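Coordinate analysis (summary)
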Amino acid sequence: MQQTLPHFRTPPTQGIKYIGSKLKLIPQVLELVKKVNAKTILDGFAGTTRVSQALAKLGYNVICNDVAPWSEVFATCYLCNTKPRETYQPLIDHLNAVPPADGWFTEHYGGHANGGNAIQADGLKKPWQLHNTRKLDAIRQEIETLNLDSVDKAVALTSLMLALDRVDSTLGHFSAYLKDWAPRAYKDLVLEVPEVFTSEGNHQVHQSDIFDLVPRVSVDLAYFDPPYGSNNEKMPPSRVRYAAYYHLWKSIVLFDKPTLFGKAKRREDTSDPLAASVFEEFRTNSTGHFIAVEAIAKLIRETQARWILLSYSSGGRATAQQLNEVMQSNGKLLDVLELNYKKNVMAGMKWTDEWINDAETPNREFLFLLEKN
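Residues numbered from 1 in each chain as written. Predicted model: local features only at pLDDT ≥ 70, side-chain atom pairs only at ≥ 80, totals over all residues. Heavy atoms only, no water.

1. Quick notes on the packing of aromatic side chains
In total, this model carries 13 aromatic pairs according to the counting rule given. For the ring pair tryptophan 104 and tyrosine 109, a centre distance of 5.8 Å and an interplane angle of 65 degrees mean the geometry is edge-to-face. Here the two residues tryptophan 104 and tyrosine 109 agree in accessibility, since each one is buried. Ring pairing ties together the aromatic residues Tyr18, Trp70, Phe74, Tyr245 and Tyr246, which thus form one cluster. One Lys or Arg, lysine 257, reaches over the ring of phenylalanine 255 and ends 5.7 Å from the middle of that ring. The side chain of lysine 298 reaches across the aromatic face of phenylalanine 211, ending 4.5 Å from its centre. (Phe/Tyr/Trp six-rings, centres within 6.5 Å; stacked < 30°, edge-to-face > 60°. Buried < 20%, exposed > 50% of the residue type's maximum accessible area, 1.4 Å probe, protein only. Lys NZ or Arg CZ within 6 Å of the ring centre and 35° of its normal.)

Here it is as structure tokens:
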């Protein structure tokens, strides 16, 4: 029987466009966290850090982690801030006043308006128009020149990324760009002070491989939202990895002017052989088990937490059956929620084999609340 959770007030959060964003899941994540008496929470695959932001605002102690350097910047900006928001206004005003300049980003990612056509003379589409990449080049150099402390620099970089996200010409990632300029691309790049806040929690920020981190931290509850790959046995593993989707944020944060390749001018270190995640690997191993599901099993076993909250897709009946076995062998399922984005309805469900054997809707998203053995 399906039943609707009681209304839960969700704290506002801030972030960029992100395919893996759990913005719509935050109320359900918070509701399940509320069911247990957790005080310290690990957000193991934080992404844009929206879940970590919400948890911090509600008074939890948050350990925020992601392998992406831009995620670490967001986390530092929002979780490590100790100043009133208005304190940063002079810094943002200063950056907005920096004169535009041609630089590395303009060379590779800036395009002429061309009457609405984003395809340039070199035959490539670009994510931003020239007037905005010239601002990007100047502002990014100024951030480096100012020699800011870690939190101030994170606030400045977060402000820059949020501003760039408002004037891009993409579908929300940087693996391909639009043929015709998006209307927002004509707007001017203007930085604003991020919606920073102060919280009482004792937060930590990490940029670690999750398997390196979990032996070193102990928490009440761990929330895991691993990246997903292709679950179609007839198809190869995901052609574009999460690291590749957001390579430009990495370049902006590191400011390292890396070697590029391909039409989207991706960073060489985001190529599949270098940037693949085991959680995106949906081939089976020699024992017939999905490699991604085996990784989840290992993660649950090695995590030092009483409760695990896992966000995952059913991924077809084979994957669902294996995931069911992983859950049952590692603890007691306290709750399972199915999220139906199409109808924007979230419902509770009993743990039966009904969903496992449902081949009609193979890509349903679930939240599993597990109490470890």
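So much for the structure itself; the text now carries on.
2. A few points about helix H12 (residues 291–302)
The end-to-end C-alpha distance of H12 is 17 Å, a good match for the 16 Å that twelve residues give at a rise of 1.5 Å each. Of the residues making up H12, those classed as buried are Ala292, Val293, Ala295, Ile296, Ala297, Leu299 and Ile300. (Helix = DSSP H or I, 4+ residues; strand = E, 2+ residues; numbered from the N terminus. Expected span 1.5 Å × (residues − 1).)

3. Focus on the nonpolar core
Grouped burial of nonpolar side chains is what soluble globular proteins tend to show. Membership of the largest hydrophobic core comes to 73 residues, with the highest contact counts inside it found for Trp70, Trp128, Leu221 and Trp249. When residues of this core are assigned to their parent elements, the largest contribution, ten residues, is made by helix H7 (residues 150–165). Look past the residues within four positions of tryptophan 70 in its chain and what remains in contact with it is Ile16, Tyr18, Gly47, Thr48, Met161, Tyr246, Trp249, Lys250 and Val253. The next biggest cluster of nonpolar side chains, apart from the first, holds 32 residues, and it includes Ile63, Phe224, Ile300 and Tyr312. (Core = buried A, V, L, I, M, F, W, Y, C linked by side-chain atoms within 4.5 Å. Contact = heavy atoms within 4.5 Å.)

4. Considerations on the packing of helix H6 (residues 130–146) against H7
Between H6 and H7, the shortest axis-to-axis distance is 10 Å and the interhelical angle comes to 170 degrees. When the axis of H6 is compared with that of H7, the two are roughly antiparallel. Contact residues: Leu136, Ile139, Arg140, Ile143 and Glu144 in H6; Lys153, Ala156, Leu157, Leu160 and Leu164 in H7. Taken together, the residues of the contact of H6 with H7 sort by class into seven nonpolar, no polar and three charged. (Axes fitted to C-alpha atoms, helices over the stretch in contact; angles between N-to-C directions. Parallel < 35°, antiparallel > 145°, perpendicular 65-115°, else oblique. Nonpolar A, V, L, I, M, F, W, Y, C, P; charged D, E, K, R; others polar.)

5. Here's the deal with the pairing of strand S6 (residues 218–224)
Counting buried positions along S6 gives five out of seven residues, so the element sits mostly inside the fold. Where strand S1 (residues 40–43) meets S6, three bridges bridge the pair, whose relative direction is parallel. Across the sheet, leucine 42 pairs through a bridge with alanine 222, a residue of S6. (Pairing = 2+ DSSP bridges.)

6. So, helix H1 (residues 26–35)
Where burial is concerned, most of H1 is hidden: seven out of the ten residues are buried. Among the residues of H1, Ile26, Gln28, Val29, Leu30, Glu31, Leu32 and Val33 are the ones counted as buried.

7. Focus: the environment of tyrosine 186
Tracing the backbone shows tyrosine 186 in the loop between H7 and strand S5 (204–206). Other than its neighbours up to four places away in sequence, tyrosine 186 contacts Ala113, Gly115, Gly116, Gln129, His131 and Trp181.

8. Description of the confidence of the model for the protein chain
Here the protein chain shows a mean pLDDT of 86. Residues at 70 or above account for 83%. Note that pLDDT drops below 50 for residues 230–240; the model gives that stretch 22 contacts with residues more than four away or on any other chain. Below a pLDDT of 50 lies the segment residues 341–355, which in the model reaches 37 contacts outside its immediate sequence neighbourhood of four places, other chains included. (pLDDT = per-residue confidence, 0-100.)

9. So, the pairing of strand S2 (residues 61–65)
The two faces of the sheet receive side chains in turn, since in a regular strand these alternate between them. Counting buried positions over the five residues of S2 gives four, a clear majority of the element. Where S1 meets S2, four bridges bridge the pair, whose relative direction is parallel. Note that in S2 the partner of leucine 42 across the bridge is isoleucine 63. Pairing of S2 with S5 involves three bridges; the strand directions are parallel. Bridge assignment links isoleucine 63 to a residue of S5, and that residue is glutamine 204.

10. Examining the environment of serine 169
Relative to the assigned elements, serine 169 resides in the loop between H7 and S5. Once the C-alpha coordinates of serine 169 and lysine 179 are considered, the two residues, ten residues apart in sequence, prove to be 8.8 Å apart. If near-sequence neighbours (up to four positions away) are discounted, serine 169 is found in contact with Lys126, Pro127, Tyr177, Leu178, Asp180, Trp181, Ala182 and Ala185. A distance of 3.0 Å separates a polar atom in the side chain of serine 169 from the backbone nitrogen of alanine 182. (Polar contact = N/O pair within 3.5 Å; in protein donor to acceptor, adjacent residues only side chain to side chain.)

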